[in-house]
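Architecture at a glance
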Amino acid sequence: MTLPKGFGSQSKTQKNRTFDEWWATVPGDLKTKARKGDEDNKVLLNQVNYVLLHLHLQGKHDTKPSHEELKDWLHSGQVDVMRQIKK
């Protein structure tokens, strides 16, 4: 099995980035497409997945977050899995 270019390139001793730190590295047009019309709400996992897919298709594997970073963003509430309906 061949792993994607850049897979595992992030050092284990490197500090995990926050979502906002990573988001600042994403190209502006991709951020706009992922969040269009939903900018006032917290980012959803589906929006992050949209960006990850496009980064993968563009061959920008080194800009994708690590598994640990994604897990931290979800568990710390930086990214929502689904939108909560306000009652």
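Everything discussed here concerns the structure shown above.
Residues numbered from 1 in each chain as written. Predicted model: local features only at pLDDT ≥ 70, side-chain atom pairs only at ≥ 80, totals over all residues. Heavy atoms only, no water.

1. Digging into the overall build of the protein chain
The cut-off we apply is this: Helix and strand assignments come from DSSP, with helices taken as H or I runs of at least 4 residues and strands as E runs of at least 2, each series counted from the N terminus. For every residue, the accessible area obtained with a 1.4 Å probe (protein chains only) is divided by the maximum for its type, and the residue is called buried under 20%, exposed over 50%, and partly exposed between those limits. By the convention used here, residues are in contact when the closest approach between their heavy atoms is within 4.5 Å. Note on areas: Shrake-Rupley with a 1.4 Å probe; residue coverage comes only from the protein chains shown.
Helices and strands together make up the secondary structure of the protein chain, namely four helices and zero strands. Mapped in sequence order, the helices and strands of the protein chain form the string α-α-α-α. Burial status across the protein chain gives 25% buried among its 87 residues. Within the protein chain, counting contacts between residues at least 6 apart in sequence, those at least 24 apart form 65% of the total. Carbon together with sulfur atoms contributes 55% to the accessible area of the protein chain, which is approximately 6500 Å² in total.

2. Overview of the nonpolar core
Cut-off, in case you're wondering: We define the nonpolar core as a collection of buried residues of types Ala, Val, Leu, Ile, Met, Phe, Trp, Tyr and Cys that are connected through side-chain atoms lying within 4.5 Å of one another.
Counting residues in hydrophobic clusters, the biggest one holds 13 residues, and the most contacted among them are Phe-19, Trp-22, Trp-23, Val-26, Val-48 and Val-51. The set of elements that each furnish at least two residues to this core consists of helix H1 (19–23), helix H2 (28–35) and helix H3 (45–57). For this core, the element with the highest residue contribution is H3, accounting for four residues. Look past the residues within four positions of Trp-23 in its chain and what remains in contact with it is Lys-31, Ala-34, Arg-35 and Val-51.

3. Points about the packing of aromatic side chains
What counts here: Between the rings of Phe, Tyr and Trp (Trp by its six-membered ring), a pair exists once the centres lie within 6.5 Å; its type follows the angle of the planes, with under 30 degrees stacked, over 60 edge-to-face, and the other angles tilted.
Within the structure shown, the criterion is met by five aromatic pairs. A ring pair is formed by Phe-19 and Trp-73, whose centres lie 5.4 Å apart and whose planes are at 85°; its orientation type is edge-to-face. On the criterion of sequence distance, the pair formed by Phe-19 in helix H1 and Trp-73 in helix H4 (residues 67–75) is long-range, its members being 54 residues apart. For the ring pair Trp-22 and Trp-73, a centre distance of 5.3 Å and an interplane angle of 35° mean the geometry is tilted. On the criterion of sequence distance, the pair formed by Trp-22 in helix H1 and Trp-73 in helix H4 is long-range, its members being 51 residues apart. Look at Trp-73 and you get buried, because its relative accessible area is 1%.

4. Focus on the pattern of salt bridges
Note the following rule: Think of a salt bridge as a Lys or Arg side-chain nitrogen and an Asp or Glu carboxyl oxygen that are within 4 Å of each other.
Counted according to the given criterion, the structure contains five salt bridges. Notably, a salt bridge pairs Lys-15 with Glu-21, separated by 3.6 Å at the nearest N-O pair. Through salt bridges with shared partners, one network takes in Arg-35, Asp-38 and Arg-83.

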